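# Results of the structural survey
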Amino acid sequence: MELLLDSIFNGIAIGSVLLVAALGLAIVFGLMGVINLAHGELMMLGAYTTYVTQLIFKLPILKPFYNWYVIISIFLAFIVSGVVGIVLEKTIIRKLYGNPLETLLATWGVSLILQQFVRSVPLSYGSGLIISLLIGLLLPLFFPKKIKESIKFKYYKFASWSFATLIGILSAELISSLISKLGRASSRNVDVTAPAWMRGQIEILGNTFPKTRLMIIIITLISVIAIICFLNQSAWGIRIRAVTQNRQMCDCLGISTEKVDVITFGIGSGLAGVAGVAVSLLGSVGPNVGGNYIVGCFMVVVLGGVGNLLGTIFASFGIGIMTDLIGAGRLLNIWPNMPLSLSNTINFFATTSMARVMIFALIVIFLQFKPSGLFPQKGRMVES
Amino acid sequence: MRISRRILAGLATASIATTLTSCGGGSKTSGSFDDSVTVGILHSLSGTMAISESTLVDTEIMAIEEINASGGITIDGKSYKIEYIIEDGASDWPTFAEKSKKLIDQDEVPVVFGGWTSASRKAMLPVYESKDAFLYYPIQYEAQECSNNIFYTGATPNQQSEPATEFMYKRSPAAGGDFFFVGSDYVFPRTSNTITKAQVKQLGGKVVGEDYLPLGNTEVAPIISKIKKALPSGGIIINTLNGDQNVAFFKQIQDAGITPSEGYYVMNYSIAEEEISTIGPEFLEGHYGAWNYMMSIDSPASKKFAANFKKRWGSDRVVADPQESAYNMVYLWKQAVEDAGTFDDNAVRDALIGQKFDAPQGPVEVMPNHHLSQTVRIGEINSEGGFTILEETDVVLPQAWNQKHPSSKGFACDWTDPSKGEKYRL
């Protein structure tokens, strides 16, 4: 019993990383049908945001609040990745709806560009760019209705973008002058150090549990609850679900599907940013950090059933628990007197590499019997 | 459709443009030389290995510039200036073979300095053997190879892991404890650990577990629970993880209470000064490393090497063991060429064996098996991000065929004697 509990704890720890990483993809791929290979790179932007926030909070003025920088970076990462996601949607993805294979190629290109971007552009200029994009996107929304509808709106828009660019350049210069580390481009991996209260371990039900893992579980839990509430309760959430089920009908009923698409993609990307914060607590932050997670994310979404958040949750914890059961050879402890041939087989698969092979094999077998995943989408979809 | 194709084409061009990096370029300044010779430098300047391999390019350029500044290579009273062509292996093993062919056939260089990963070396090996050209390879590796066309200046396992294992089992704070192996899943960790396993058995110790993390994977939670199960009250962990995986590993084991203060000591074979600064000394303090060269060696040659490197490339740069091997190989090639009196491959190969050099780590000598005799040092990682050197061996002779590995026990390599060659029974 105790062993099983141990396994469940570890499985939840592994699964919550998978879940937080896959949550954004479940929305972008599951609801919108966009095969977003740049999802990992949006995570990477979130991880870099954590790093930049950490350095900013080491400045003398903000030093007293250093303990809380991780919490703040969660919100910042959501905004940064969300903004980049919105720009991507407006420039590239919008033209490709309904062509999943073309989104795959285009987003793969985007992922290469983003990787090279963080290698060759100083982080201070990256931050400046994000700030100007944010201002440029938000400012026109606050213009009075009269201006928005006038024919001169495009000039106002141009002016606000120029203003945004100026602010962006100024903030980039400010950041480079305050923190010289951020003023130089570097392809070296960087490191995020959790504040002291998040390090070490605590005891839960007789099990010791690393605090960073607990933090990730909490981040995951909050993200999941927030996104479920948003999709089921808020007006925009209901519009998103309506558009994904029947786009033409929504268009006819006067829902701005364009706006819905931007918001959906922005939220999906923002969640990738939050995942980036979680991942930065576990390992190093570098241009390739997202690439390590992308396959796992797609695996979780497909196994759970495309378009179903509940499926994504079950699939990630399922994979987490299986990884621990197989990878750490726990079945041997549960049943110590098993026949030798069986125990040899279990030992053979009880390494991290072989556990991965085994889990992929199991998923492939499972999908043979249930091709649309754990929780297939029910009901009649117009587009299918 | 039309729009999407155009965007895709644009994206494709953009991504190609971003991945392409400039190749080539040599030093152009003229001095009072009679002639010049062009050598090849072949390392990854893009892709995942670029971070590590570019430090070798910097070191090799520095060595070449030093040699040029002191008069270049002298053959029969004629002085030659060394020029170089840099090629990018792009962290892609077939590219290493392709660029080697280009350097040998098109640029006709007499020697290529290059490679880091074993995979890149294995990809290049057939090229050099079929064209009878010469590759100088500067990285500590798993050995079990001895080519007439490669000169290996890094440590073999008996020049790194064997003294380190003995230290851990006999003289470390965890002396007499059980062993657990953690490594990345590729050839070096697996071969190295096979050797260490045999050695632990000879010493009378016990290996209680091992696990290998697939390259690119950073989920170490199952490994941590295995370590805690196998070593409940501390012990010795031998770590051969690569690159970023170390960051994930050390961050998470510290959170899980696997620390020196709890009796767990990690011996690392792939963590040098450069890596310590990336991982963060606060995660590594109190663990160990084994190398031939450490920046903290207190000798004039070592201090000069570090100072020159900082002067040439920036005061925040560090030097580490792979760089020292790269530095040595350029000088050893120069000495061999001067002794042979020609740039011809075969003559240089004969002249190379027995060359001695006062390296930053101390004296080294080229052995008949195309490896170097080297000094081995064990260091404890300190809070400043360097090693506190605890032990220093005498000069250790290299074993191209490891004497503890079951498949190569009793074999050796000797290229000075035609009847012996690559692998003969002792």
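Every value quoted in this text rests on a predicted model; they were computed, and no experiment measured them.

Moving on: the overall build of chain A. Check the secondary structure of chain A and you find 16 helices and 2 strands. Computed over the C-alpha atoms, the radius of gyration of chain A is 23 Å, within 12% of the 21 Å expected from 2.2 N^0.38 for a compact globule of 384 residues. Across its three principal axes, chain A shows a C-alpha extent of roughly 80 × 55 × 35 Å. Sorting the 384 residues of chain A into buried and exposed places 51% on the buried side.

Let us now look at the pattern of salt bridges. All names here are of chain B. Considering all chains together, one arrives at 25 salt bridges over all chains under this definition. Taking the shortest distance from any N to any O, the salt bridge between E162 and K404 comes out at 3.1 Å. Taken together, the residues span a long stretch of sequence, with E162 in helix 5 (residues 161-170) and K404 in the loop between strand 15 (387-396) and strand 16 (411-414) at a distance of 242 residues. Both residues of the pair, E162 and K404, belong to the buried class. One salt bridge in this structure joins R171 and E166, with 3.8 Å as the shortest N-O distance. On the accessibility criterion, E166 (30% relative accessible area) is partly exposed. Among the ionic contacts, a cluster of salt bridges with common partners joins E87, K99, K102 and D107.

Next up on the list: the packing of aromatic side chains. In this description, a pair of aromatic rings is defined by centroid distance and the angle of the planes. Residue and element names in this part refer to chain B. With the rule as written, the count across this model stands at 26 aromatic pairs over all chains. Look at W93 and F96: their rings are 6.2 Å apart centre to centre, the planes differ by 35 degrees, and that puts the pair in the tilted class. On the criterion of helical spacing, the pair formed by W93 and F96 is a turn pair, its members being 3 residues apart in helix 3 (residues 93-106). Under the relative-accessibility criterion, W93 is labelled partly exposed at 29%. Among the residues examined, F96 registers a relative accessible area of 0% and is labelled buried. On the basis of an interplanar angle of 70 degrees and a centroid distance of 5.4 Å, the ring pair of F167 and Y288 is categorised as edge-to-face. With F167 in helix 5 and Y288 in strand 11 (residues 288-291), the pair connects residues that are 121 residues apart, well separated along the chain. A single burial state applies to F167 and to Y288, both of which are buried.

Residues and elements named next belong to chain A. Closest axis-to-axis distance for the helix 2 (residues 39-56)/helix 11 (residues 257-282) pair is 6 Å, and the angle between their directions is 55 degrees. As far as their axial angle goes, helix 11 and helix 2 are oblique. For helix 2 against helix 11, the interelement crossing comes out right-handed. For the pair helix 2 and helix 11, contact is made by H39, L42, M43, G46, A47 and T50 and by G268, S269, A272, G273, A275, G276, V277, V279 and S280, respectively. Of the residues assigned to the contact of helix 2 with helix 11, the class counts are 7 nonpolar, 8 polar and no charged.

A few words on the side chain of T107(A). Residues and elements named next belong to chain A. Counting through the fold element by element, T107 comes out in helix 4 (residues 100-120). According to the relative accessible area criterion, T107 is buried, its value standing at 2%. There is a polar contact of 2.6 Å between the side chain of T107 and the backbone oxygen of T103. Not counting the four nearest positions on each side in its chain, T107 is found in contact with I35, N36, L37, A38 and I93.

Another point: a positive patch on the surface. Residue and element names in this part refer to chain A. On the surface, K145, K148, R239 and K259 cluster together to form a positively charged patch. If you trace the backbone, K145 turns up in helix 6 (residues 145-149). Among the residues examined, K145 registers a relative accessible area of 64% and is labelled exposed.

Time to look at the sheet that holds strand 1 (residues 35-43) of chain B. In a beta sheet, neighbouring strands pair by backbone hydrogen bonds and run either parallel or antiparallel. All names here are of chain B. Here 6 strands make up an open sheet; going across it, the order is 2-3-1-4-5-6 and the pairing mixed. The sheet terminates laterally at strand 2 (73-75) and strand 6 (150-152), the two strands that pair on one side only. Averaged over neighbouring strand pairs, the angle between their axes works out to 30 degrees when direction is ignored. Pairing of strand 5 (residues 135-137) with strand 6 involves 3 bridges; the strand directions are parallel. Considered in strand 6, the bridge of Y136 is made with F151.

To continue, consider the confidence of the model for chain B. Residue and element names in this part refer to chain B. In the predicted model, chain B carries a mean pLDDT of 89, and 93% of its residues have values of at least 70. This stretch, residues 1-5, has a pLDDT under 50; its non-local contacts, to residues over four places away or in other chains, come to 4 contacts. Across residues 10-30 the pLDDT falls below 50, and counting only partners more than four positions away or on other chains, this stretch makes 22 contacts in the model.

Between chain A and chain B, the residue contacts involve 48 residues of the former and 42 residues of the latter. Contact between chain A and chain B buries roughly 3700 Å² in total, counting both sides, with carbon and sulfur atoms accounting for 52%. Remark: the boundary between chain A and chain B carries 2 salt bridges. One salt bridge connects D191(A) with K251(B), and the closest N-O pair in it is separated by 3.3 Å. Counting across the interface, chain A meets chain B through 16 residue pairs in polar contact (both at pLDDT 80 or more). Counting residues per element, the ones that place at least two in the side of chain A that touches chain B are helix 1 (2-31), helix 4, strand 2 (207-210), helix 8 (211-233), helix 11, helix 12 (291-304), helix 13 (309-327) and helix 16 (352-369) of chain A. In terms of residue count, helix 4 of chain A provides more of the side of chain A that touches chain B than any other element does, 8 residues in total. Its residues placed into classes, the side of chain A that touches chain B shows 16 nonpolar, 23 polar and 9 charged.

Cut-off values and rules
Residues numbered from 1 in each chain as written. Chains lettered and ligands numbered in written order. Predicted model: local features only at pLDDT ≥ 70, side-chain atom pairs only at ≥ 80, totals over all residues. Heavy atoms only, no water. Helix = DSSP H or I, 4+ residues; strand = E, 2+ residues; numbered from the N terminus. Rg over C-alpha atoms; globule rule 2.2 N^0.38 Å. Buried < 20%, exposed > 50% of the residue type's maximum accessible area, 1.4 Å probe, protein only. Salt bridge = Lys/Arg side-chain N within 4 Å of Asp/Glu carboxyl O. Phe/Tyr/Trp six-rings, centres within 6.5 Å; stacked < 30°, edge-to-face > 60°. Axes fitted to C-alpha atoms, helices over the stretch in contact; angles between N-to-C directions. Parallel < 35°, antiparallel > 145°, perpendicular 65-115°, else oblique. Left-handed = near helix turned anticlockwise from the far one by under 90°. Contact = heavy atoms within 4.5 Å. Nonpolar A, V, L, I, M, F, W, Y, C, P; charged D, E, K, R; others polar. Polar contact = N/O pair within 3.5 Å; in protein donor to acceptor, adjacent residues only side chain to side chain. Patch = residues over 30% accessible without salt bridge, like charges linked within 9 Å, V, L, I, M, F, W, Y side chains within 5 Å. Areas by Shrake-Rupley, 256 points an atom, 1.4 Å probe, with all protein chains shown as cover. Lys, Arg positive; Asp, Glu negative; His and termini not counted. Charge placed at Lys NZ, Arg CZ, Asp CG, Glu CD. Pairing = 2+ DSSP bridges. pLDDT = per-residue confidence, 0-100. Buried area = accessible area lost by both parts, 1.4 Å probe.

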